[in-house]
Structure formats: C-alpha cells, structure tokens
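Notes for the structure review
The lines below spell out each chain.
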2 protein chains.
Amino acid sequence: MKKHFALLTCLSLFVFGKMSAHDGSQLWLQGTAPTATSTLEIAKAELAQNWKGGEPEFGFAKIRKKDEPVGSFSIFIKAGKPTIFSATEIGMLYGAYHLIRLQQTGANVTDTAFVEKPSYDIRILNHWDNLNGTIERGYAGRSIFWRNSADQMRRNADGEVNEEDLLQPKDAPEIPSLDHLRDYARANASIGINAYVPDNVNASPKVLTTEYLLEVKKMADVVRPYGMKTYLAINFASPMVIGGLSTADPLNKDVQRWWTAKVKEIYKLIPDFGGFLVKANSEGQPGPNDFGRTHAEGANMLAKALKPFGGIVMWRAFVYSPSDPDRAKQAYLEFQPLDGQFLDNVIIQIKNGPIDFQPREAYSALFGAMPQTRQMAEWQITQEYLGHSNHIAYLAPMWTEFLQQIKDIAHCPINNATSPARALTAISAVSNIGNSPSWCGNVMAQSNWYAFGRLAWNDELTPCQIADEWARQTLFADCSDAAAAKALASVKSLMLRSREAIVDYMMPLGLHHQFAWGHHYGPEPYCDIPGARPDWMPSYYAKADREGLGFNRSSTGSNATGQYPADYARVLDDIDTCPYELLLWFHHVPWGKIIQHRYGDRVARESLWDALCHHYQHGLDEARAMQRDWEHCQGQIDADTFADIQRRLRIQTRDAQWWKDGCLLYFQTFSCLPFPDDVEPAVHDLDKLRAIKLGITNFECPSQELLDSVR
Amino acid sequence: MKKHFALLTCLSLFVFGKMSAHDGSQLWLQGTAPTATSTLEIAKAELAQNWKGGEPEFGFAKIRKKDEPVGSFSIFIKAGKPTIFSATEIGMLYGAYHLIRLQQTGANVTDTAFVEKPSYDIRILNHWDNLNGTIERGYAGRSIFWRNSADQMRRNADGEVNEEDLLQPKDAPEIPSLDHLRDYARANASIGINAYVPDNVNASPKVLTTEYLLEVKKMADVVRPYGMKTYLAINFASPMVIGGLSTADPLNKDVQRWWTAKVKEIYKLIPDFGGFLVKANSEGQPGPNDFGRTHAEGANMLAKALKPFGGIVMWRAFVYSPSDPDRAKQAYLEFQPLDGQFLDNVIIQIKNGPIDFQPREAYSALFGAMPQTRQMAEWQITQEYLGHSNHIAYLAPMWTEFLQQIKDIAHCPINNATSPARALTAISAVSNIGNSPSWCGNVMAQSNWYAFGRLAWNDELTPCQIADEWARQTLFADCSDAAAAKALASVKSLMLRSREAIVDYMMPLGLHHQFAWGHHYGPEPYCDIPGARPDWMPSYYAKADREGLGFNRSSTGSNATGQYPADYARVLDDIDTCPYELLLWFHHVPWGKIIQHRYGDRVARESLWDALCHHYQHGLDEARAMQRDWEHCQGQIDADTFADIQRRLRIQTRDAQWWKDGCLLYFQTFSCLPFPDDVEPAVHDLDKLRAIKLGITNFECPSQELLDSVR
C-alpha cells in the first residue's frame, strides 16, 4: 500500500508541474477557427480572441506596389495599438496572425513598424493522399481529405494490404469533417501557406470525375476564406480512363478538347482553382512519352487549357529510367534540353536533390540550369527517409542549406528577380499531415509543417529563429520563468542538432539511399532483391568494394559534377576539394584515403574508414544527446506530450544503433578494418540485421512492438 | 562477381591470421588424456607428450612432512632437466602438470626450484546434474555424467518441460562416454581439483539404488587415476523412497541401519568414495527437521555411517524459511547455535554470501562464527546470476575478494591452522560444465573452472596471474610476438574488468537479487507474482520507496550487521562508514543522501540517486569496453572462438542496457529524480520491460533470437 501511495505522489508531481495543457491538436495556435466567409472578418475574429494589446485597426493600401507580392502587409504599432495595412484581405489576415505570433513569442509589440512580404508567391502543400484515405509515405494516420476506408481494405495472409484496394478507390467519394478542414486552412494561413494539392501525385483518374470534383468544391469553399487555393494532382491518362478516349496523346485534338472541357468544368465549380500537379512518365505513371511526345508538349497542352482561367501546371522533374548508369543525372538530362519550350504558366517542380529526399543530398543541378523556364522546389516534410514519425527530425536546417546553395551557387533569384522567368516564385513540400490527433504523428513533427510555411514566407529566417517561434507557441504557455526558459533552450538544442544527427547515424559523408526496400524505414545496405531495379537497391548508391566506398560521379566517373556551374563543378570534381559532406556522393574514395572532416565540434584528419566510423558514432551520441535535451523539459511540457516524444526518442536512439551497426558492419566486410577505439563496438550481429524484414506498407510507421521484435 | 571475390579475400584475412587452431574442447590442455590406470604412468605420459625440456625424473619423498597436504610436490630444474619430488603419485602428477604449465606460459624452466602445496585438502566440484541429463542452472548443454534424455521429456503447449520428467529419471541409468569422463578428470587434475559430486544437491533418491551405484562405480574407476574422488549428493528421505521405510528420522534405528548398509554397499564398489553432500530442509528438500531433529543430528547420523571408511558429510547451510523477516540472517541463526554438535567428519558447506551467489554479497557471517565446526565455502562457477553463458564474467576477482574477507575479517585460518577444527580445509564450487563442445558454454567461461581449481590449490594467486596463465594456454599458441602479446593484454583487460562491470550494470552499491523470476536472467526489479514468497521477489531486497533504497540490516533494522565480528559490525552498521559497495545491502539510504563512492577511476561525492545512475552507466560503458578489448584480439584468436565471444559480448552489452534502463527507470518511479547529464537516457520503456517474460526453464540460457524478440 505504501508503495502505491508513493508512486501516485510521484506521478502527480510529473503531471501537475507548471506547463501548458496541450493535446497536440491545437498546433501552434490558440482559440478556434473563425467560421466567417470573409477573410477580413476572420482576421478581426482572430485578433478579438487572441490579441491582448490595444484594439487593432486595418488600413487598405489601395494600390499594390510593383513587385509587392499578394499577401504583403505592414504593421505599425504605437503605444500598443496596432494598425495592419495591406492591399488585400489575405494580407490583413496574415498581418493579424503575425501580430498574434509576435505577442505569443514575447516580441516587442508596443512600438514598432515593419513590412512583411512573402519570398515566394505560391507556397503549396502537396498531399500524397489516396482517394481511399491512405497516405503514401504518410505516418500520421489517414487522409483528412478523403474518408477513412480502412475497414474496406483487404489484407492478405501476411497482413499486407491488397494493392488493388489502394488503387481502386470506392465509387462514392466521402470527405471528412469540414470543421477539420477549416482548422487545416487556418493553420496554413497562420504561417502563410496559400495553396494545397489534396490528392497523391500518383493520381487516380477518378479525382476528375464530376462526383469527386463536387467534393473538391466543398473543400475549396471551406478553405478559400483563409486564402488557400486548391490544386489537383492529375493522372495524365485521365482522358482514356474516365473520358473514354483511346489515347491521351497531348497533340491529339480530342484529348485537348477533353482537357479544355474538364478545366472549364472545374472552374465553374471552383473559380479560383489553382491548377494541376503532374507526375508523368515516372515510376510507372503515364505521360506524354508514352505517346512519343516530350514533357514540354504534355505540360503545354494542360497549360493551354488552364491559361484562360489563370491556372498553372506544376510539372514534376522527378524522372529516371531503370537503365541509366547514374540516376542522379537523369532529371537534368531529360529536362534541361527542354528549356525554352515550356509555356509561362508551367512551373517545373524539382526535388531539392537529384535522387529522392535523402537526409543530405547535393542540390539538383537543374536549379538555375533552365533560364527560360519557371522552376519551383519540392521538399518533403513527411519523413519518408528520416525515420517516419518515430524519429524527431527538425528539417529547417536541411531546407535553409538547400536555399543557400541554390541562391549562392545556382544563382536562382527569388521573386524580385530581374528575369521573372528565372525566378523561383513557388515552393512546395510534401505534407506530413494526417488525421492523427497531433496532425503530424507527433507534436515535434508539427515544427516541420510550421517551418515550411515560415520559410516559404520568408526564406531568410534561420532554423534557430523558427525553432524558437514554434516551440514558444506550441510547447510553452509562458517562457518568462527560468525553468521554462531552460526547457525552451533544451528543446531548441534538440531540434537544431536533429537533422545532422540523422545524417550521421544514417548516411554520413555523402552516402545515400541505404534504406530498407520499399518502406524506407531502417538500414538495408545489404539489400539484395534478385531481379530488382539496380537503382532501387542501396548497393547501387554506396558502391562499396574492397578498395573503397562511394559513387564516382566525378569526371572520371558518371560526370554528374559536370552538370553544375563550372566553378562549383571544379570544387566537386576534385576528391581533395569536394566538401566532406558530399564526398561519397561524388567520389569512390579508398578506405585508407586521409580526409579532413568535421563531426560535432571536432575537426579530424584521418582515413575514410575512421571518419565513417566516427560519424556513425557521433550520430548515435547525438541521438542520446537529443534524449537528454528532452529529459530537461520534464515538468515544463504537457505530460502526455513529454511521454510520447520521450518514447519516440528512445526508438530513435535504438534505431541509430541499428543504423550504425548495420552500416558499419556491412561496410566492414569490404574495408576489413577495425573500428577506431573511441567507437563503440557493434551490439548487433550483421547476419541478424540482414534478416530483418519489417513487412510494412509504404504508408505505415513501424510500431515500437514491431521494431522491438526484430532488432 | 567482383564484390564476392573481395568478400572472400577479406574473410580469408580474418581466418588465416596467426592464431592457434582451437575448437574449445581442448580447454587449456594439449595432447590427449593418457589412459593408464597408474597415476605415475599418467604423469610420465603427460610429460612425454607435452614437456619440451630435458628428460624429467621423479623422486619419492618417502615420508610426508607434518602439515604437508596430500598432493604437495617440489620441483628442481637444473639446466632444463627437471625432477619432481612428492610423497604421493598424485603429487607427481600435479608436478607434471605444473611443469607443463610453466613451460606453456613462458616461465623460466631452465634453472629453478620450488615447493607447491595445496591451500585446501578437498577441492571439489559440485555438479547440479539431474539424472535425466538436465543441469539445474547449467548453460552448457546437458550432463556429461547422465545420458541426455531430452527426447524423452515432454513439453506442454507453452513449450515448458513437464516437471515430472525432471523429477522422475528413467529407470535405467545411462552414462556417457568414459573417454569424455577421462578428459574431464584430466582437466581437473591439471589444475588440482581432486573431487566431484556428479549429481544435483536437489538429489534424486534413485542415485543410491544399486543400478545407479554401479554406474557411479564406472565413473569413479575412470577418474581415480587422475586423483579425483567421487562423492554423491543424497536425498535425506532416501530410506523412505527407495528403502521402503516409513521414516527417515535420523534417530530411528532402522534408518541408521539402512544408511550404514548403503554406505557399506557404496564402499564395496568404490573403496575411495568421498562421502555425501546434503541439502536438507531447504527449498522443499527433506531433512531432519521434518522429523523434529536438528541439522546436527541429521548430519551426524550420516557421518557415523561414513566414518569407518574415512568418508565425510558436506552439509549445506543454505537454509531459509519463507517467513523470516531477513533471509540474510537465517543460515547463521539456524547453524551458529549448533556449533560444537557436529562430528569431526562433518563439514558445513556455506555459500560465500548470506543470500545466493549474487554479483556482490557481503560474506556470510557464519564463516569464523563456529569455532568448533569444520566449514567449507561454496562458490558458484555456473553463472546463474551473472548472465548465464551469454555474459563474459571472469570470477576470480569475486572469489579472491571473498577469501580476503574471510581471512582478514572472519579470521578463518586455512589448512595449517593451529586449531584444525576451525580451519577451512575444503572448498567447493558449483560447476559450469556440460556436454557443449566448449564444455562451459563458451571458451571464456572455461577460465572460471580453471580459476576455481587454481585458487583452491593456491589461494594467494591473484586474478591477474590466473587470467594470464589461462589465456596464454587457452587462447594463444605463442605470445612471443608483439601482436599476440597485445591481444593477450586485451583479453586480460576484458577479464579483469568483467566482474565489476556486471556488478555495476546489474546491481551496484550493494543492491541484490533484482533478477527475473525463476530463471534469473535479466532484470525484474518490478517483479510482482501474486502470492509468491516475498523473499523470492526483488522488491523484498531493494526495498525501494519514496524515501530511498536498500535493506536496513543495521541495528535499527534487522540487525544482520550484529552477526559479524564486533569491529567489522560497527563499520557496517554506520551508514557513513559502511563500504559503498555494500551500502544498500545493509542500509535503507535516502535518495538525496550524499555518499562517497568510486566507479572506474572516478571518486565522487554525490547523492545516492546520482551515484546509482553513474554506476549503471559505468557498467554499460564497461560492457562496451569489454567488446573493444575483444575486438583487439581479432586475427590473434581462432576465428570461430573470436566470433562466438564477439556475439556474446554484443548480447551482454544489450543486456547491460536492459539492466540499466530496467532498474533505473523502475527506481526512478520512487526517486522521481532525473538522470544526471552524463548518464545516457533510457532507450527502453519501463512498461515494455515490465512485460518481458522469457519463459525459459532454469537450465536454459536464453538464445539471442529470444532476447532480440523481447527487448
């Protein structure tokens, strides 16, 4: 009895410390989403419920200045009384959210004045949501756009979902709660996101049927007052599948007519419809190449249909054939020669790196290489390659690293560019949102949705600034006392070290794609699927052999370095000047080659093998440091949130050990070298790690139970 | 193809380095066991096959000197030509093995002279082997004495062995290969062990049936030339079970007659039979208390029957009733008052500590407390509480620590004592031997068999000396080159740190018995079996509560400290002078109490909670250091042996993490304090650890697969 009593006392100490009650569903916001249909009314309602200073006023700046993007606003505060000026209602709403954010994050809101304008015109979330409710690479429950149809999916004897059920959505579309969609729109508006694509780029033709479009109209109507524009990902073969045509050839008149009519139908329902997102001739999706046409011919056909209504085409450059010797070069090889052929309402959507959302990639050489073509970046918020929702990974450092590179090296001007065609005027990211209570699978993952919005609005914000903003609003009711301030510092420490930790424990020094087959959770450098596409297997990327490690993309190899601007190409091409972070991306490096590199605070000159070992060890150490950072927050953070993240960080550290052991033991079979003495010996056996098969779909995060049972 | 070739090249480097070929079955010996039936002939044969110096001679020292124990010998070597003098043939055999050992370990064998005599007269291995071939707490296969009957054991639906099959051996006894027994006898002789008990102390009455005795005679005949004396563990109720009597009352004439006749029968078969080992009135075994008689009355009855033949009774003091408030006090309370009542051919066999072979215990207060009674120590070689055969634990440091204490504090004289009755003239240990290829479950575990023999022969040897001897003979063909010498140093480093590492990661600071229910593998401080004996549950020992941790055995508690000699009792009784290694053994210590303690090279003054955390962390760090030590031996040790121990060390490190997390997270529910910053946060969840049930018997070491599937 005594013991139970003691335990209760103890738990109550944990639970009732000073902290903000928070179940995760509130995100970084307070109050509820106003239901007004006028954007200005929403702005007023938000201030009424959340602004604690003098009564705010709004002023219309009647004429938009040249080069001033839609949504820009300025704020004047005098003696605590703010006025928000903008040429648009959405600018006023953004101003209102900005004001509230300043107050919540403890900024000076008494006397100040400033102007805010977005870095990119289109700030868009791509949802890889299937019409049956599953989300490809989603680890936060099921779709908030398409009704959960889990009960209708069949599983085979192994528990795998029947593929057909994924591809064949139910005939009758169902969409979930409009209140939920309003909360979604409000959250986006609060950080400046102004567009979304609710369906997967592996698109079902059915989304263009009238019955689905009627549902999309309902969504569009709900989110419109929050400044959110609706786009659709479309299947290029739609005219055949749902239009009854015998071809989808973009030069075929019937096909063109079909699209023109379909676009008209859409705009009748959704007058501010944004346009189409297209994945064509990529990973089995249909596209113009199937009919002997180019990407440009395909994209332009759609762009023509959309042009009269102001719509655009976002055409993805994520293409790679099964046979090419270097997958990293292919998007460039296919698209760069098409520069100048795309209509001006086509934007080429390019993933940040040339492979596929790896923990660290070189930037895609396509950026800046098509001066006559509009381009946009595609980031991935959902952690397909970053431990799904089990791992805590704050991605702002990855994205600012990319932005810096494309501005400095690829010379991509942003928005107010002298040559508008060359400017990046749009930015997209693959969402991590689902119907889980915390929206993103866990509370910390919300920081990446937040960071994407904030960076899309202002790409000069630093990861530290954004982490500070987000954590103050999301985790801490009040950071004025010392204990909360200390916890805030710990959370930021955790966030800011997380991405490099993941690079280090997963694939440091430019290694990439050492992931498990299919679901991409956990290491599988040893993956060997007989008959599989070579470029879907890790060995294709690591190229480990007795001599060394890494993919020779230098001029003595695939010459991918040659796709970059000449100055940068020279730096990359020389094994002795190539940045160590990208060394194995561009070079096949002998195990004994002495390299200079950095891990944590240490600069070292040592062999590739020792460097590799030190990075993996450092990654594991950093995972532990992240745990420690989080432990410092106990009592300052809602107890359920604390426990949930604590549990995930434990999984993450165990996974880091799995990564370190799996990769190092496997590469050791080639290097035949021992670990340096300050690297912990493996605790796993390679043979056992080789045998691990999680058997999950590509829309599942493995449970702790599953992981514990295999590793 | 190229990759496979590279891999083969690499593996071959591992396999064909400089090392001794060794499959583990050879133990620390070379050559084969001579089959001669004369001890002197065996000595000659051993030298002939293994001695590489001048031709050895033997000299009979006709009369044994006073106080010179049987088996003593002296060796003179002149110009590489040795002469072994002894009063007995077994002394000559020991001398021969000693000579070979000197040569194998690189000692000077050219010109030297010395005398060797054993510290203890009886140096005996207790085998807890059941007649059906299973071995209680054995993790190295099945019995080498009793035929493997695994195929006849039934398992229930859960895979558990039917208890009846364990208790009911087959009617027809079978014993295994006599060659194997000869190898066993030779190994023992080579390190001075001169006695064994082939059957479990939880004894089957059947071992005393004529058909089993005939088999025991065969064993005795095989091992006799190697100086090995045979003893039997007997069931006190044998006269009832196999004798058809209605009682086993030691004062009953029929019972006495039955034992007298049985002893006669045994000596007729085995003229040098050693005597009986008895576990009575302990953990459900029958004994004199069942008939209202004392342990002394029971032991003396057997001693009288054995006396005419020179036989002895080893009567175990391992008793504890289910109800007493402090189990640690009970052996003393039951036995100490009987001092003076035991016949002189009774030896009380006392476990080193008052509980049960924990990683660290205070010594049993019975030692030195019965001046009129012969006593012997019982150690445990098999790693019941030390990670079974999965963990590498070199136990010489534990045993020398004990020997030092009973000599210094309990004033137990050894052999050449002024009062022979008080002298420890015998020493026993529970064997770790089974029919696994390496005898002991793994090669490193052989070091404990070796160390027991060597310490029983010469209890002034240091753990380091013994480790050096053992490793040179067992693992390295030749330590003359630098690489092998370095590997030898690493192996010794591993061995010498292993026991304290285990104390630290399992139960530091005097904690004890936090083991999983039944099989004792892994942590279970949270164990809670409704209705179970309290003293079979960890909470009984840890006494964790909101205030602190530890069992108050001071004068304000159970006063177990009062059982020790007054000077030492005073030291133990004061929380501020009690050695930190035994602090929680004797005191309930507040979480915040500042203690001075040492872990690794660090001396710290800090709170109990911080100290506890640091010890667990240090244990985990040491497990990693042991892995590292072993990695340094790669290429210098037989590849299979290297891989096997490497695999076990990986399990050990993962188990160390399990122990650290399980214990600290559980105790944290009471302390409500955070880990210090230099302690790694947990990677396991307490709730998940609580749910772990290995479901193994008490003669199984859990497989890696089983462990991986649960933790």
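What you see is a predicted model, and the numbers here were worked out from it, not measured in a lab. (Residues numbered from 1 in each chain as written. Chains lettered and ligands numbered in written order. Predicted model: local features only at pLDDT ≥ 70, side-chain atom pairs only at ≥ 80, totals over all residues. Heavy atoms only, no water.)

1. Regarding the overall build of chain A
Along its length, chain A carries 21 helices and 16 strands. At 25 Å, chain A has a C-alpha radius of gyration in line with the 27 Å of a compact globule built from 711 residues. For chain A, the spread of C-alpha atoms along the three principal axes comes to 75 × 70 × 55 Å. Burial analysis of chain A (711 residues in total) assigns 63% to the buried set. Partitioning the contacts of chain A with sequence separation of at least 6, the portion at a separation of at least 24 is 72%. (Helix = DSSP H or I, 4+ residues; strand = E, 2+ residues; numbered from the N terminus. Rg over C-alpha atoms; globule rule 2.2 N^0.38 Å. Buried < 20%, exposed > 50% of the residue type's maximum accessible area, 1.4 Å probe, protein only. Contact = heavy atoms within 4.5 Å.)

2. Some words on the pairing of strand β5 (residues 122-126) of chain B
Every regular strand shows the same layout, with side chains that alternate between the two sheet faces. Residues and elements named next belong to chain B. With respect to burial, β5 is a largely interior element, five of its five residues being buried. Every second residue of β5 is oriented toward a common face, with Ile 122, Ile 124 and Asn 126 on one face and Arg 123 and Leu 125 on the other, all of them buried. As paired strands, β5 and strand β6 (residues 195-197) are joined by three bridges and run parallel to one another. Bridged to Ile 124 within β6 is Ala 195. (Pairing = 2+ DSSP bridges.)

3. Digging into the relation of the copies chain A and chain B
When chain A is fitted to chain B, the residual RMSD is 0.0 Å, and the transformation amounts to a turn of 180° plus an axial shift of 0.0 Å. In short, the pair behaves as if placed about a two-fold rotation axis. Taking C-alpha positions as the reference, the residue of chain A nearest the rotation axis is Ser709(A), at 2.0 Å. Same-surface contact between copies: 100% of interface residues of chain A are shared with the interface of chain B. (Least-squares fit on C-alpha atoms with pLDDT ≥ 70 in both.)

4. Looking at the pattern of salt bridges
Counted under the stated rule, the structure contains 82 salt bridges over all chains. With a shortest N-O distance of 3.0 Å, Arg224(A) and Asp272(A) are connected by a salt bridge. Separated by 48 residues along the polypeptide, Arg224(A) in the loop between α6 (210-223) and β7 (229-234) and Asp272(A) in the loop between α8 (253-269) and β8 (275-278) bring together distant segments of the chain. On the basis of relative accessibility, which here comes to 23%, the residue Asp272(A) falls in the partly exposed class. The salt bridge partner of Glu265(B) is Lys262(B), with a shortest N-O separation of 2.9 Å. Here Glu265(B) and its partner Lys262(B) are both found in helix α8 (residues 253-269), three residues apart, which amounts to about one turn of the helix. Relative accessible area serves as the criterion here: at 9%, Lys262(B) is assigned to the buried category. Through salt bridges with shared partners, a single network forms among Asp621(A), Arg624(A), Glu680(A), Asp621(B), Arg624(B) and Glu680(B). (Salt bridge = Lys/Arg side-chain N within 4 Å of Asp/Glu carboxyl O.)

5. Some remarks on the side chain of Ser74(A)
Relative to the assigned elements, Ser74(A) resides in strand β2 (residues 73-78). Setting aside residues up to four positions removed in sequence, Ser74(A) forms contacts with Thr83(A), Ile84(A), Phe85(A), Phe114(A) and Val115(A).

6. Here we look at the pairing of strand β10 (residues 346-351) of chain A
Residues and elements named next belong to chain A. When you tally the buried positions in β10, you get six out of six residues, the bulk of the element. The alternating pattern of β10 places Val 346, Ile 348 and Ile 350 on one face and Ile 347, Gln 349 and Lys 351 on the opposite face, and all of these are buried. Summarising the sheet, strand β9 (residues 312-316) and β10 pair through four bridges and their orientation is parallel. Its bridge partner being in β10, Val 313 is matched across the sheet by Val 346. The parallel pair β9 and β10 is bridged by helix α10 (residues 330-335), and the resulting crossover is right-handed. Across five bridges, β10 lies against strand β11 (residues 374-380) in parallel orientation. Counterpart to Ile 348 in the pairing with β11 is Gln 375. (Right-handed = clockwise from strand over helix to strand, strands pointing away.)

7. A closer look at the sheet that holds strand β12 (residues 424-430) of chain A
Residue and element names in this part refer to chain A. The eight strands lie next to each other as β5-β6-β7-β8-β9-β10-β11-β12, forming a closed barrel whose pairing is parallel. For this sheet the average axis-to-axis angle between neighbouring strands, irrespective of direction, equals 25°. The sheet contact formed by β8 and β9 spans four bridges and is parallel. When the sheet's bridge partners are listed, Phe 276 is paired in β9 with Val 313. Strands β5 (122-126), β11 and β12 of the sheet are contacted by helix α12 (residues 446-457), whose axis makes an angle of about 155° with β5. (Axes fitted to C-alpha atoms, helices over the stretch in contact; angles between N-to-C directions.)

8. A word on the packing of helix α5 (residues 178-191) of chain B against helix α12 (residues 446-457) of chain B
Residues and elements named next belong to chain B. Running from N to C, α5 and α12 cross one another at 45°; their axes reach a closest spacing of 8 Å. Considering their axes alone, α5 and α12 lie oblique with respect to each other. Residues Tyr 184, Ala 187, Asn 188 and Ile 191 of α5 form the contact with α12, whose own contacting residues are Trp 449, Tyr 450, Gly 453, Arg 454 and Trp 457. Tallied by class, the residues present in the contact of α5 with α12 amount to six nonpolar, two polar and one charged. (Parallel < 35°, antiparallel > 145°, perpendicular 65-115°, else oblique. Nonpolar A, V, L, I, M, F, W, Y, C, P; charged D, E, K, R; others polar.)

9. Quick notes on the interface of chain A and chain B
If you look at the interface, chain A gives 43 residues, while chain B gives 43 residues. Approximately 3800 Å² of surface area, both sides summed, lies buried where chain A meets chain B, with 52% of it carried by carbon and sulfur atoms. For the interface between chain A and chain B, the tally reads six salt bridges. Between Arg624(A) and Glu680(B) there is a salt bridge whose closest N-O contact spans 3.2 Å. Linking chain A with chain B are 20 residue pairs in polar contact (both at pLDDT 80 or more), by the criterion used here. When contributions to the side of chain A that touches chain B are tallied by element, the ones reaching two or more residues are α1 (2-15), α18 (608-631), α19 (639-671), α20 (686-690) and α21 (704-710) of chain A. When its residues are assigned to classes, the side of chain A that touches chain B shows 16 nonpolar, nine polar and 18 charged. (Buried area = accessible area lost by both parts, 1.4 Å probe. Polar contact = N/O pair within 3.5 Å; in protein donor to acceptor, adjacent residues only side chain to side chain.)

10. Focus on the packing of helix α14 (residues 482-506) of chain B against helix α19 (residues 639-671) of chain B
All names here are of chain B. Look at α14 against α19: their axes get within 9 Å of each other, and the N-to-C directions meet at 30°. In terms of axis orientation, α14 runs roughly parallel to α19. Touching Leu 494, Ile 502, Tyr 505 and Met 506 of α14 are Leu 649, Gln 652, Ala 656, Trp 659, Lys 660 and Cys 663, all from α19. Its residues placed into classes, the contact of α14 with α19 shows eight nonpolar, one polar and one charged.

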